[in-house]
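# Summary of the model geometry
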Amino acid sequence: LSLCFFIAVAYSYRELGAPGWSCEADLMRRSKTVPKTVHSLRPADIDIVAAMGDSLTAANGAGAEGEDALAIAIQYRGLTWSVGGDKSLDEHITVANILKKFNPDVFGYSIRTGSANVWETAHLNAGVPGAHSTWMLEQAQDLVRRMKEHPEIDFANHWKMVHMFIGGNDVCSWCARGNKDADGDHYGASIREGLQYLKDNMPRTIVVVTGMIDMTLLRRVDSAHVICKDIHTFECKCEQNATVTDAMLSGICNDYMVKTQEMQDSGEFDTSDDFTMIIEPYLSTTPDISRNPDGTPNMDFFAPDCFHFRAYGHAIVAKNLWNNMVQPVGGKTPANLTDNGEPLLCPEPSNVQACPFIRTTKNSDNCKTY
């Protein structure tokens with residue numbers, strides 16, 4: 001009886017799937033020949049998925065039940081919004097689950113729970129709780145090593161998608177006296193170092209970078225839940241520092257986004273056909289937190305620490321990431337973290353302008369070329 005009860009409640013947290021979702025078959029098919037340029041890459045052409053980041057990428061607390069604060073220490077990698085592979089798309093939205101729908105052989109997504117160094121569950125999810133931007137080079141090196149060593153990965157020929165999201169821990173320590181390593185210039189330099197290593201050592205790769213979120217959004221949760229404010233005092237000292245104004249906190253987050261945007265705009269990672277990086281700004285431009293119909297913060301979105309995403313939050317964020325991926329540069333929409341039933345988007349249909357590719361700076365400018 002106790003075992004049956006455990007099974008019944010193990011997945012009692014709120015979920016969000018996309019049952020029955022589909023797109024025009026011609027838009028979502030795999031290319032007839034392997035693409036020679038990253039700007040002609042269809043979603044179904046992705047053979048390998050990987051991720052870099054911190055505890056959000058590790059999905060700490062994503063499967064937490066109720067107010068079980070101890071579950072924040074558990075890394076529910078199979079639920080993470082980028083490369084989580086637990087369940088199906090009908091049950092739980094992640095970018096990996098979307099890609100599996102069109103390429104069942106996609107490889108590298110993480111499953112179940114465990115730390116980054118446990119291959120059986122982490123696979124190519126290199127996110128480590130507590131990571132700062134300075135860790136991006138190390139994680140890039142780790143991914144290259146893992147891919148080269150695995151017998152199922154054709155390192156030279158498989159097309160790869162690496163998701164990167166980092167910066168929360170940088171912001172949370174940025175206001176500490178004498179911590180100059182957390183300013184925008186140092187953040188940008190660390191991101192560039194990780195990206196350059198991937199460019200130099202990982203052929204046939206698109207790096208999808210989620211832009212930095214405005215951490216002042218957490219203060220809207222704090223104002224409604226005192227316990228959240230108390231937890232954040234330990235978890236993100238700069239967000240709870242009374243001397244740090246909203247303008248200051250927003251400013252450093254925006255500075256991180258600007259430094260990343262400069263890398264995309266410079267074209268420095270667009271000098272070869274087999275590599276590019278693209279910023280998805282959905283979180284950077286989101287205007288608000290997830291809310292209930294009465295306007296109160298939707299705590300189903302957050303894990304019990306009011307900081308990490310619960311499974312439902314990961315699914316909503318995944319939907320917004322995917323939608324940005326198929327939207328052209330200059331036309332990418334802000335995230336709506338309150339689920340109002342917006343659908344997962346498909347690439348532009350043939351009666352508009354057929355562009356079945358993951359959007360990059362170059363194919364957004366002129367898709368017909370590719």
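Worth saying up front: this structure is predicted, and the values here are computed from it rather than measured.

## Focus on helix H3 (residues 95–102)
- In terms of burial, H3 is largely enclosed, as 6 of its 8 residues are buried.
- Each element contacted by the buried residues of H3 is listed here: strand E1 (48–53), strand E2 (160–165) and helix H11 (311–325).

## A word on the nonpolar core
- One finds Met215 and Trp322 to be the most contacted residues of the largest nonpolar core, which totals 95 residues.
- Here the element with the most residues in this core is H11; it accounts for 8 residues.
- If near-sequence neighbours (up to four positions away) are discounted, Met215 is found in contact with Gly168, Val171, Cys172, Cys236, Glu239, Leu249, Cys253 and Phe307.
- Among the nonpolar cores identified, the runner-up in size contains 8 residues, and Tyr13, Ala71, Tyr76 and Ala311 belong to it.

## Description of the packing of aromatic side chains
- Per the stated rule, a full pass over the model turns up 9 aromatic pairs.
- Seen in terms of ring centroids, Phe301 and Phe302 are 5.0 Å apart; in terms of plane orientation they differ by 70 degrees. Their pairing is edge-to-face.
- Judged by relative accessible area, which is 1%, Phe301 ranks as buried.
- Ring-pair connections join several aromatic residues into one group, and the members of that group are Trp81, Phe165, Phe301, Phe302 and Phe309.
- A cation sits over an aromatic face here: Lys160 above Phe155, 5.1 Å from the ring centre.

## A word on unusual backbone geometry
- In this structure, Arg204 is a non-glycine residue whose phi angle is positive, near 55 degrees.
- Positive phi is not limited to glycine here, since Cys306 has a value of about 60 degrees.
- Mapped onto the secondary structure, Cys306 falls in the loop between strand E4 (275–280) and H11.
- Judged by relative accessible area, which is 2%, Cys306 ranks as buried.

## Some points on the packing of helix H5 (residues 136–149) against helix H7 (residues 184–201)
- Orientation of H5 relative to H7, taken along the N-to-C sense of each, is 20 degrees, at an axis distance of 7 Å. When the axis of H5 is compared with that of H7, the two are roughly parallel. In this structure, H5 crosses over H7, and the sense of that crossing is right-handed. Of the residues in H7, those in contact with Met136, Leu137, Ala140, Gln141 and Val144 of H5 are Ser190, Ile191, Glu193, Gly194, Tyr197, Leu198 and Asn201.
- Along the lines of polarity and charge, the residues of the contact of H5 with H7 split into 7 nonpolar, 4 polar and 1 charged.

## Focus: the packing of H3 against H11
- In contact at an axis separation of 9 Å, H3 and H11 are set at 60 degrees when each is read in the N-to-C sense. It follows from the interaxial angle that H3 and H11 lie oblique. Across the interface between the two elements, Val95, Ile98 and Leu99 of H3 pack against Ala318, Leu321, Trp322 and Met325 of H11.
- A class-by-class count of the residues in the contact of H3 with H11 yields 7 nonpolar, no polar and no charged.

## Focus on the sheet that holds E4
- With respect to topology, 4 strands assemble into an open sheet ordered E1-E2-E3-E4, the strand pairing being parallel. Where the open sheet ends on each side, the last strands, each with one partner, are E1 and E4. The average angle at which neighbouring strand axes cross in this sheet is 20 degrees, direction not considered.
- Relative to strand E3 (residues 205–210), E2 runs parallel, the two being bridged by 5 bridges. Counted as the bridge partner of Val162 is Val207 from E3.
- Its contacts with the sheet put H7 on E1, E2, E3 and E4, and the angle it makes with E4 is roughly 145 degrees.

The rules behind these values
Residues numbered from 1 in each chain as written. Predicted model: local features only at pLDDT ≥ 70, side-chain atom pairs only at ≥ 80, totals over all residues. Heavy atoms only, no water. Buried < 20%, exposed > 50% of the residue type's maximum accessible area, 1.4 Å probe, protein only. Helix = DSSP H or I, 4+ residues; strand = E, 2+ residues; numbered from the N terminus. Contact = heavy atoms within 4.5 Å. Core = buried A, V, L, I, M, F, W, Y, C linked by side-chain atoms within 4.5 Å. Phe/Tyr/Trp six-rings, centres within 6.5 Å; stacked < 30°, edge-to-face > 60°. Lys NZ or Arg CZ within 6 Å of the ring centre and 35° of its normal. Axes fitted to C-alpha atoms, helices over the stretch in contact; angles between N-to-C directions. Parallel < 35°, antiparallel > 145°, perpendicular 65-115°, else oblique. Left-handed = near helix turned anticlockwise from the far one by under 90°. Nonpolar A, V, L, I, M, F, W, Y, C, P; charged D, E, K, R; others polar. Pairing = 2+ DSSP bridges.

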